[in-house]
Amino acid sequence: MDATAGEVTLDEVVALCKRRGFVFQSSEIYGGLASTYDYGHYGVLLKNNVKAEWWRAVVQERDDVVALDAAILMHPRTWEASGHLDGFTDPLIDCRACNLRFRADDLEDANCGKKPSKRPGEYSECDLTDPRQFNLMFETQMGPVKDDAATVYLRPETAQGIFVNFKNVLQFARKKPPFGIAQVGKAFRNEITPGNFVFRTREFEQMEVEFFVPPDEAAEWHKRWLADRMRWYVELGIRTDRLRLREHGADELSHYSSATSDVEYLFPMGWMELEGIANRGDFDLSRHAEFSGEKLEYFDQGSGERYVPHVIEPSAGADRAMLAFLVDAYDTEEVEGRKRTVLRLHPRLAPVKVAVLPLVSKEGMPERARAIYEELRARIPAEFDEGGSIGKRYRRQDEIGTPIGITIDGQTAEDDTVTLRDRDSLEQIRTPVQGLADELTERLQRPWQSPKSS
Ligand code: GAP
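Residues numbered from 1 in each chain as written. Predicted model: local features only at pLDDT ≥ 70, side-chain atom pairs only at ≥ 80, totals over all residues. Heavy atoms only, no water.

Engineer: Give a description of the nonpolar core that names residues and reports values.
Structural biologist: Of all hydrophobic cores here, the largest spans 55 residues; its most connected members are Phe 22, Met 207, Trp 225, Tyr 233, Phe 267, Leu 323 and Phe 325. The element that contributes the greatest number of residues to this core is helix 9 (residues 318-329), accounting for nine residues. Apart from the residues lying within four places of it in its own chain, the contact partners of Met 207 are Val 50, Lys 51, Trp 54, Gln 183, Val 184, Trp 232, Pro 314, Ser 315, Ala 316, Gly 317, Ala 318 and Ala 321. If you look at the next biggest cluster of nonpolar residues, it comprises 20 residues, including Ile 404, Ile 406, Ala 437 and Leu 444. (Core = buried A, V, L, I, M, F, W, Y, C linked by side-chain atoms within 4.5 Å. Buried < 20%, exposed > 50% of the residue type's maximum accessible area, 1.4 Å probe, protein only. Helix = DSSP H or I, 4+ residues; strand = E, 2+ residues; numbered from the N terminus. Contact = heavy atoms within 4.5 Å.)

Take a look at the structure:
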């Protein structure tokens, strides 16, 4: 826990997200809906970049994984086969006095509704029920008739959409094990105790790969995916002393898993899961084969061997990854007697890559700046900002993590050069407008390491 000392608090990150329009409370004008969030402009761009980097790493830069986008609503038998209908539960305790609900296995960390806050059950008025199993799946009705036959569920994980499409992909993508199917999409869980901003919510996005392998290669592929996924976070700038792999103990393993390790990040609340990487064996394909009556296996024409592939599953949360990148990037420092807050995001993740700023709103500078911006934005995500003092505009760009600022000043009209300001070092250099897009592209592609690492 020591590594958090002097680091950012979650409240600071939440405040910045609100101040700069990354993330808002959902339905705010109606008082908000608990633990649901809306993403504003920079939040959308940042989360899109996280997802784009994931697609790049798991599909574009490999030739053994293909993409899928399955429906959120699935045939209800899916959830019988997967075990979610019976087993996707948390033990729930109600308090009849304050009407709050708690996870029975989390009472130690829970707070009673009365003030000063104590643990549930510690006030004499507390009136707790016995624990009962509460299914986390959201139920809804399909079609106009409200009866049991029409009950469907909002998927609690994207994974099952992949398993039920195994046969389609095998047939149409001309793949054979080892190969994977990747998907990004919304998942829904009626969590009893959501919280910590977008860390645990009831509606969130997952980024999942189901990687199908010959059974005797499963352990080896599990190891490879552990290394690949750790490397992804590090390459995108997460500091290595804030990242670790934690292997699940036998008592923690899901019923389907023979081995799972979590990628954990040192959030302000402590070490917490970013991503789970499980060896799921043949559980999923066997169960769906049993419940659907379809054969979900692979026939190797070369060897004549027929088998049910085993599955390695790296399963990450897009919102949670975004939160980790934000926490890791958040920094403050004093510059010329003033406090500067800066998001030191990896340039590939930064919502805006280049800000184009006229020094002042006169002498043709805004017009020249706008023309430069319009040329740049065809190649690089750029923003033009002419309102307020230059200092204020830099502060705004620092807070949204823009890696490069370009200032158009009096000298620009004389020699067609601009000032290029580096977000992290604050170094300023002059560079010609001619060839600016190439210069910026080259700079943005340079290897980057968080200055907070040292
Ligand atoms: N298919 C396996 C699976 O869903 P999980 O550990 O339950 O495994 C995988 O979820 C990832 O999804 C987690 O590591 C986390 O990043 C994200 N996730 C799970 N529940 C979440 C929630 N309530 N809010 C935000 N992200 C969540």
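Having seen it, we continue.
Engineer: Any chance you could break down the side chain of Arg 393 for me, citing the residues and the numbers?
Structural biologist: The topology assignment puts Arg 393 in helix 11 (residues 390-400). Although Arg 393 is buried, it makes no salt bridge; Asp 385 carries the closest opposite charge, 5.0 Å away. Sequence-distant contacts of Arg 393, defined by excluding residues within four places in its chain, comprise Leu 357, Pro 358, Leu 359, Asp 385, Glu 386, Gly 387 and Gly 388. (Lys, Arg positive; Asp, Glu negative; His and termini not counted. Salt bridge = Lys/Arg side-chain N within 4 Å of Asp/Glu carboxyl O.)

Engineer: Please provide a residue-by-residue account of the site of the ligand, values included.
Structural biologist: In the vicinity of the ligand lie 20 residues, with Glu 157, Arg 189, Thr 201, Glu 208 and Glu 273 positioned nearest. Between the ligand and Arg 189 there is a distance of 2.8 Å, counted from an oxygen atom to a side-chain nitrogen or oxygen. The side chain of Glu 313 places a nitrogen or oxygen atom 2.8 Å from a nitrogen atom of the ligand. In isolation the ligand exposes 550 Å². Once the protein is present, 90% of that is buried. (Near = heavy atom within 4 Å. Polar contact = N/O pair within 3.5 Å; in protein donor to acceptor, adjacent residues only side chain to side chain. Areas by Shrake-Rupley, 256 points an atom, 1.4 Å probe, with all protein chains shown as cover.)

Engineer: Quick one: what's the story with the sheet that holds strand 6 (residues 132-135), residue by residue and with numbers?
Structural biologist: In a beta sheet, neighbouring strands pair by backbone hydrogen bonds and run either parallel or antiparallel. Strand order across the open sheet formed by three strands is 5-4-6, with antiparallel pairing between neighbours. The open sheet has two edge strands with one neighbour each: strand 5 (101-103) and strand 6. On average, adjacent strands in this sheet sit at an angle of 50 degrees to one another, irrespective of strand direction. Of the strand pairs in this sheet, strand 4 (residues 89-94) and strand 5 are connected by three bridges, and their pairing is antiparallel. From the neighbouring strand, Asp 94 faces strand 5, where its bridge partner is Arg 101. (Pairing = 2+ DSSP bridges. Axes fitted to C-alpha atoms, helices over the stretch in contact; angles between N-to-C directions.)

Engineer: Quick one: what's the story with unusual backbone geometry, residue by residue and with numbers?
Structural biologist: Glycine aside, residues mostly have negative phi angles, and peptide bonds mostly take the trans form. Here the residue pair Lys 115 and Pro 116 is connected by a cis peptide bond, since its omega of -10 degrees sits within 30 degrees of zero. The topology assignment puts Pro 116 in the loop between strand 5 and strand 6. Cis geometry is found at the peptide bond from Pro 177 to Pro 178, where omega equals 0 degrees. By secondary structure assignment, the location of Pro 178 is in the loop between helix 6 (166-172) and strand 9 (179-188). Unlike most non-glycine residues, Asp 416 shows phi in positive territory, near 55 degrees. Inspection of the secondary structure assignment puts Asp 416 in the loop between helix 12 (410-415) and strand 22 (417-422). The exposure class assigned to Asp 416 is partly exposed, which follows from its relative accessible area of 33%.

Engineer: Can you lay out the packing of aromatic side chains for me, pointing to particular residues and giving the numbers?
Structural biologist: All chains considered together, the criterion is met by 17 aromatic pairs. In textbook terms, an aromatic cluster arises when at least three aromatic residues are bridged by ring pairs, as seen for Phe 163, Phe 166, Phe 179 and Phe 212. (Phe/Tyr/Trp six-rings, centres within 6.5 Å; stacked < 30°, edge-to-face > 60°.)

Engineer: I'd like a rundown of the environment of Arg 229, residues and numbers included.
Structural biologist: Along the chain, Arg 229 falls in helix 7 (residues 218-235). The class for Arg 229 is buried, based on a relative accessible area of 2%. Sequence-wise, Arg 229 and Leu 285 are 56 residues apart; in three dimensions their C-alpha atoms are separated by 24 Å. Setting aside anything within four residues of it in sequence, one finds Arg 229 in contact with Trp 54, Val 58, Glu 275, Ile 277 and Pro 314.

From the geometry alone we can't say anything about function, so treat these as descriptive.
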